[in-house]
Amino acid sequence: MTHILRTYQLTKSYRGKEAVSNVSMNIRKGEIYGFVGPNGAGKTTVMKMLTNLIKPTSGEIEILGERLTPTSYEVLKRMGSIIENPIFYDRLTARENLELHCEYMGFYNRNAIREALELVNLKNVERKPVKHFSLGMKQRLGIARAIATKPELLILDEPINGLDPVGIRELRDLFVMLSTQYGITMLISSHILGEMEQIANTIGVIQGGKLVEEVSMEAIRGRQTEYLELTTRDLTKAAFILEKGLNIRNFRILEDSGLIRIYERKLPQSDIAKALIVGGVSVESFNKKSHTLEDYFLKLIQGGEAREASR
Amino acid sequence: MKHLVKLELKKHSLRGALYTFVIASLAIFGFVLMVGNTDGEEAFTGYANAFSVIEFLTNATYVVFASVLLSRFVVEEYRSNTITILFTYPINRKKLMLAKLLIVCAVTFVLIVLTNVLVSAGFYWYNEQWPIFTDELTNELVASQALRLVVHAAANTGLALIPLYFGMRKKSVPATIVSSIIIAVLLNAGNNGSTLGSIIAVPVALGVIGILVAYFTIRRVEHVDV
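Residues numbered from 1 in each chain as written. Chains lettered and ligands numbered in written order. Predicted model: local features only at pLDDT ≥ 70, side-chain atom pairs only at ≥ 80, totals over all residues. Heavy atoms only, no water.

Here we take up the overall build of chain A. When its secondary structure is counted, chain A shows ten helices and 15 strands. With 311 residues in all, chain A has 49% of them scored as buried. In chain A, once contacts between residues fewer than 6 apart in sequence are set aside, the share between residues at least 24 apart is 67%. As presented, chain A carries roughly 15,200 Å² of accessible surface, and 47% of it is formed by carbon and sulfur atoms. When the 43 basic and 38 acidic side-chain charges of chain A are each reduced to a single mean position, those positions are 1 Å apart. (Helix = DSSP H or I, 4+ residues; strand = E, 2+ residues; numbered from the N terminus. Buried < 20%, exposed > 50% of the residue type's maximum accessible area, 1.4 Å probe, protein only. Contact = heavy atoms within 4.5 Å. Areas by Shrake-Rupley, 256 points an atom, 1.4 Å probe, with all protein chains shown as cover. Lys, Arg positive; Asp, Glu negative; His and termini not counted. Charge placed at Lys NZ, Arg CZ, Asp CG, Glu CD.)

Written out as structure tokens, the structure reads:
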């Protein structure tokens, strides 16, 4: 599969301090690349470098088959982006903003603006000045602007910030639709992992300016371990039955939350449940659980911090 | 370039410039008449003198006004970050910047000339009706005044770009406007027309500096982070 975007040892330093160091990321054609990391990790800095707003201190960027230089203007025609916050000419209306955008992009499809507004579900606001928009509406308008010209690569910095749960869901569907129907490659940053998990094909984790992991969602899913979670008041009794009665040793007791996590999977869930009930343990709930991306991510980041601290 | 200028004007309306033009013309006209009609010592010795007073008032006004335009078209775009939208377009950034500065220069130059001509003509008409002084307006004077006007207007348009240097350092609107006021005052303060600005070499030299400021601002635009 070909790559739409690659960076090689991308580094940006401000006054000798590296904000982004040696980031080498690879985004394949047609995929949704989830770019996750805590606040201040360097997500926006990387995205600004990709859109040529700031220049790398060292390293290279290759976008749509071309090396990005300070004078790469043509390639920008094939990209759409929101960087940091959705910014508009506030006094102009939504429609005027999009019209300006299309003019500057050299894109003259009369229906594009209406279609884009429909896609992000912004209705009856075309004639309203953008300064009266809420953050969620601006976010939608920003996405409408980025997709109006049907770019090949979309770079969206925190696009679901400021949206309500319904809005988040709508946009999630929109992103998946853009990816599958139009074949648009997307780089989406977020610190909301649950969302990324649902749409991304590949996850890049950045922390302290370093890309600590770049992994496909499939690989993450493969790595995940499932476990059973038992909620009960009789922790000791339950533990006794598990250990002596069922000969299960790989479990953990979380006393504070009244939980037992059972990692051993040689017995079916129903057998364990039966044994517990027969043994007189009052089972409040007994569920199958799996590690989420969040757990994986936190482990990565905390691991990173621990390493930093031990230095 | 024409297209870019048109798009800039869509974003930033020039209606304010029209108001400024009307109000500035009336104010300068009124001020000159007020000075001319003050009793006591004679305010103006003749047309040449009166026209030079009109000229420096006009220049000072539009040097400051140009800084307002610079703030709106350039500095404010950086401050509100809208420049980041502009710079993600597949258009040469130098051209984008040039379009902005061309608008500022064209508006400033045209308004300096128009205001000068209008107020001078108004003053001539007034003086013929209710004489402040008895001086004859010769063709020679009109011709030399016209030439002087164009040179000064061009020089002042150029030097009106100097505040861009101060404004762009910290992307500050106040810095832009305050520096323009300082320049306008330095050039046009003085008595009886003996100002720095009336020594033609001074505004012309500053005009060249202003154009250099614009040139370097445009040249830097591709290499500076926004």
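Moving on from the model shown.
All names here are of chain A. A sheet is described by the order of its strands in space; here four strands give the open sequence β13-β14-β12-β15, paired in antiparallel fashion. If you trace the sheet from one side to the other, it starts and ends with β13 (251-254) and β15 (283-290), each paired once. Strand after strand, the sheet turns through a mean of 20 degrees between neighbouring axes, direction not considered. Across four bridges, the pairing between β13 and strand β14 (residues 259-262) is antiparallel. (Pairing = 2+ DSSP bridges. Axes fitted to C-alpha atoms, helices over the stretch in contact; angles between N-to-C directions.)

All names here are of chain A. Within helix α8 (residues 235-245), burial applies to Leu235, Ala238, Ala239, Ile241 and Leu242. Seen from one end, α8 has its buried residues packed into an arc of 160 degrees, which puts them on one side. Exposed and oriented more than 90 degrees from the buried face of α8 are Thr236, Phe240, Lys244 and Gly245. Next to the buried residues of α8 lie β12 (226-232), β13, β14 and α9 (269-278). Phi for Asn247, located one or two positions after α8, is positive at around 60 degrees. (Arc of directions from axis to C-beta.)

Turning to the sheet that holds strand β9 (residues 185-190) of chain A, a few remarks are in order. Residues and elements named next belong to chain A. Within the open sheet, the six strands sit side by side as β7-β8-β9-β4-β10-β11. Their pairing is mixed. This sheet does not close on itself; its edge strands, each paired only once, are β7 (79-82) and β11 (210-216). Strand after strand, the sheet turns through a mean of 15 degrees between neighbouring axes, direction not considered. This element, helix α1 (residues 43-50), spans β4 (32-36), β7, β8 (153-157), β9 and β10 (202-207) of the sheet and lies at about 150 degrees to β9.

What follows covers the packing of helix α2 (residues 94-105) of chain A against helix α3 (residues 112-119) of chain A. Residues and elements named next belong to chain A. Running from N to C, α2 and α3 point in directions that differ by 125 degrees, and their axes come no closer than 10 Å. Taken together, the axes of α2 and α3 lie oblique to each other. As for how α2 packs across α3, the hand of that crossing is right-handed. Between α2, through Arg95, Leu98, Glu99 and Cys102, and α3, the contact on the second element is made entirely by Ile113, Arg114 and Leu117. Among the residues making up the contact of α2 with α3, the classes are represented as four nonpolar, no polar and three charged. (Parallel < 35°, antiparallel > 145°, perpendicular 65-115°, else oblique. Left-handed = near helix turned anticlockwise from the far one by under 90°. Nonpolar A, V, L, I, M, F, W, Y, C, P; charged D, E, K, R; others polar.)

Another aspect to go through is the side chain of Glu31 of chain A. Of note, Glu31 of chain A is situated in the loop between β3 (26-28) and β4. At 2.9 Å, the side chain of Glu31 of chain A and the backbone nitrogen of Arg28 of chain A are in polar contact. (Polar contact = N/O pair within 3.5 Å; in protein donor to acceptor, adjacent residues only side chain to side chain.)

So, on to the interface of chain A and chain B. With 27 residues of chain A in contact, the opposing surface of chain B contributes 27 residues. Of the roughly 2,500 Å² buried where chain A meets chain B, counting both sides, 60% is carbon and sulfur surface. Among the residues of chain A in contact with chain B, Tyr73, Tyr89 and Tyr104 of chain A are the three that bury the most area, contributing 34% of the side total. There are two salt bridges connecting chain A and chain B. The closest approach of N and O atoms between Lys12 of chain A and Asp225 of chain B, which form a salt bridge, is 2.6 Å. Across the chain A-chain B interface, the total number found is twelve residue pairs in polar contact (both at pLDDT 80 or more). Of all elements in the fold, only β1 (3-14) and α2 of chain A reach the threshold of two or more residues within the side of chain A that touches chain B. At five residues, the largest contribution of residues to the side of chain A that touches chain B is made by α2 of chain A. (Buried area = accessible area lost by both parts, 1.4 Å probe. Salt bridge = Lys/Arg side-chain N within 4 Å of Asp/Glu carboxyl O.)

With that out of the way, let us pick up the pattern of salt bridges. Residue and element names in this part refer to chain A. For the structure on display, the rule yields 22 salt bridges over all chains. Residues Arg67 and Glu60 are paired through a salt bridge, measuring 3.5 Å at the closest nitrogen-oxygen approach. Given a relative accessible area of 48%, Arg67 falls into the partly exposed group. Residue classification places Glu60 among the partly exposed residues on the basis of a relative accessible area of 35%. As a salt-bridge pair, Arg78 and Glu152 come within 2.8 Å of each other at their nearest N and O atoms. Here Glu152 lies in the loop between α4 (135-148) and β8 and Arg78 lies in the loop between β6 (66-67) and β7, a separation of 74 residues in the sequence.

Across the interface, α2 of chain A lies against helix α1 (residues 2-11) of chain B with an axial gap of 11 Å and an inter-helix angle of 165 degrees. In terms of axis orientation, α2 of chain A runs roughly antiparallel to α1 of chain B. Relative to α1 of chain B, the crossing made by α2 of chain A is left-handed. Between α2 of chain A, through Leu100, Glu103 and Tyr104 of chain A, and α1 of chain B, the contact on the second element is made entirely by His3, Leu4, Leu7, Glu8, Lys10 and Lys11 of chain B.

Every α-helix carries 3.6 residues per turn, so stepping three or four residues along brings you back to the same face. All names here are of chain B. For helix α6 (residues 139-159), spanning 21 residues, the distance from its first C-alpha to its last is 30 Å, which sits close to the expected 30 Å at 1.5 Å a residue. Among the residues making up α6, those that are buried are Leu141, Gln145, Leu149, His152, Ala153, Ala155, Asn156, Thr157, Gly158 and Leu159. Where α6 is buried, its residues contact α3 (47-79), α5 (93-129), α7 (163-169), α8 (173-188) and α9 (201-220). (Expected span 1.5 Å × (residues − 1).)

Bringing the environment of Tyr47 of chain B into the picture now. Of note, Tyr47 of chain B is situated in helix α3. Setting aside its immediate chain neighbours within four residues, Tyr47 of chain B contacts Phe123, Tyr124, Asn127, Glu128, Phe133, Asp135, Glu136, Leu137 and Leu141 of chain B.

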